[in-house]
Every structure is written in C-alpha cells, then in structure tokens.
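This is what each chain is made of:
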Amino acid sequence: LGKKVYLEGDSRDRDRNNRPLRYVWLENGIFVNELLISDGYGRADVNYGKLKYEDKFLRAQDEAKIRKLGLWGACDIKEKVAKSKRLKKKKTAD
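Being a predicted model, the structure only gives us computed values, none of them experimental. (Residues numbered from 1 in each chain as written. Predicted model: local features only at pLDDT ≥ 70, side-chain atom pairs only at ≥ 80, totals over all residues. Heavy atoms only, no water.)

Moving on, we get to the packing of aromatic side chains. With the rule as written, the count across this model stands at eight aromatic pairs. Between Tyr23 and Phe57 the ring centres are 6.0 Å apart and the planes differ by 55 degrees, which places this aromatic pair in the tilted class. One end of the pair, Tyr23, is in strand E2 (residues 23-26); the other, Phe57, is in helix H2 (residues 54-67), and 34 residues separate them in sequence. What makes Tyr23 buried here is its relative accessible area of 6%. For Phe57, a relative accessible area of 10% puts it in the buried group. Judged by centre distance (6.3 Å) and plane angle (40 degrees), the ring pair of Tyr53 and Phe57 falls under tilted. (Phe/Tyr/Trp six-rings, centres within 6.5 Å; stacked < 30°, edge-to-face > 60°. Helix = DSSP H or I, 4+ residues; strand = E, 2+ residues; numbered from the N terminus. Buried < 20%, exposed > 50% of the residue type's maximum accessible area, 1.4 Å probe, protein only.)

Set out below in structure tokens:
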C-alpha cells in the first residue's frame, strides 16, 4: 500500500483474454511474479511462446512442487482419486 512498483513487458503484450501481461518488481528489487510462483501461490504459464523469465518461473514452480507449498500442497490428488474410487465401490456394493 502506497508503494511503487515497476512493470516490465515482454514479447507478448496480452494474454488470450486480452489482459495485459507484465512482470512486477518492487522498489527493493523483489520480483513479485517469481515470489508468487516460488511460494506456490501461482504457476508458470508457458503458453505464450518463449518468455523472458520462463526458465526462472519453471524452476521456481518445480521447487514449490517439491516443497509442497501453496497450491502444490493443498491436496494430494492421488489420495483424492483413490478415495473417490473407494466411495464409488462402496456405493455400488450397498
């Protein structure tokens, strides 16, 4: 709040929904996009062709997945699928 941010563009100006694509930097040099991805609050969307920080974002995302941060730790999809299958079997057995 009340802080300056710096916006940086890339080779692609807008996404498929016409939203502007920008990199966000804080005055102290923190790269907000990378921070969100590395903490698991965002994901590397690489559907726009080769972007300037694509490799950095993919590394940050891989690290967040390994550490099960944010959305990568919210649930275990394998366990959810297994539980769903068990419930279906139970319903058909009843």
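With that settled, the discussion passes to H2. Compared with the 20 Å implied by 1.5 Å per residue over 14 residues, the 20 Å span of H2 between its first and last C-alpha is a close match. Those residues of H2 lying buried are Glu54, Phe57, Ala60, Gln61 and Ala64. Along the axis of H2, the buried residues cluster in a sector spanning 130 degrees; they form a single face. Those residues of H2 that are exposed and aimed more than 90 degrees away from the buried face are Arg59 and Ile66. Taken together, the buried residues of H2 touch E2 and helix H1 (32-38). Within two residues after H2, Lys68 carries a phi angle of roughly 55 degrees, on the positive side. (Expected span 1.5 Å × (residues − 1). Arc of directions from axis to C-beta. Contact = heavy atoms within 4.5 Å.)

Right, let's talk about the pattern of salt bridges for a bit. All chains considered together, the criterion is met by five salt bridges. The partner of Lys56 in a salt bridge is Glu34, with the nearest N and O atoms 4.0 Å apart. Taken together, the residues Lys56 in helix H2 and Glu34 in helix H1 connect sequence positions 22 residues apart. According to the relative accessible area criterion, Lys56 is partly exposed, its value standing at 30%. Linked through salt bridges whose partners overlap, the residues forming this network are Asp13, Arg14 and Arg22. (Salt bridge = Lys/Arg side-chain N within 4 Å of Asp/Glu carboxyl O.)

Let us now look at the nonpolar core. Tyr23, Phe31, Ile37, Ala44, Leu51, Tyr53, Phe57 and Ala60 form the largest nonpolar core, which has eight residues in total. In this structure Tyr53 touches Glu8, Tyr23, Trp25 and Phe31, once residues within four positions along its chain are discounted. (Core = buried A, V, L, I, M, F, W, Y, C linked by side-chain atoms within 4.5 Å.)

The next point concerns the environment of Arg22. Here Arg22 shows up in the loop between strand E1 (5-8) and E2. For Arg22, a relative accessible area of 31% translates into the label partly exposed. The spatial distance from the C-alpha of Arg22 to the C-alpha of Asp10 is 7.2 Å, given a sequence separation of twelve residues. Not counting chain neighbours up to four residues away, the residues in contact with Arg22 comprise Leu7, Glu8, Gly9, Asp13 and Asn33.

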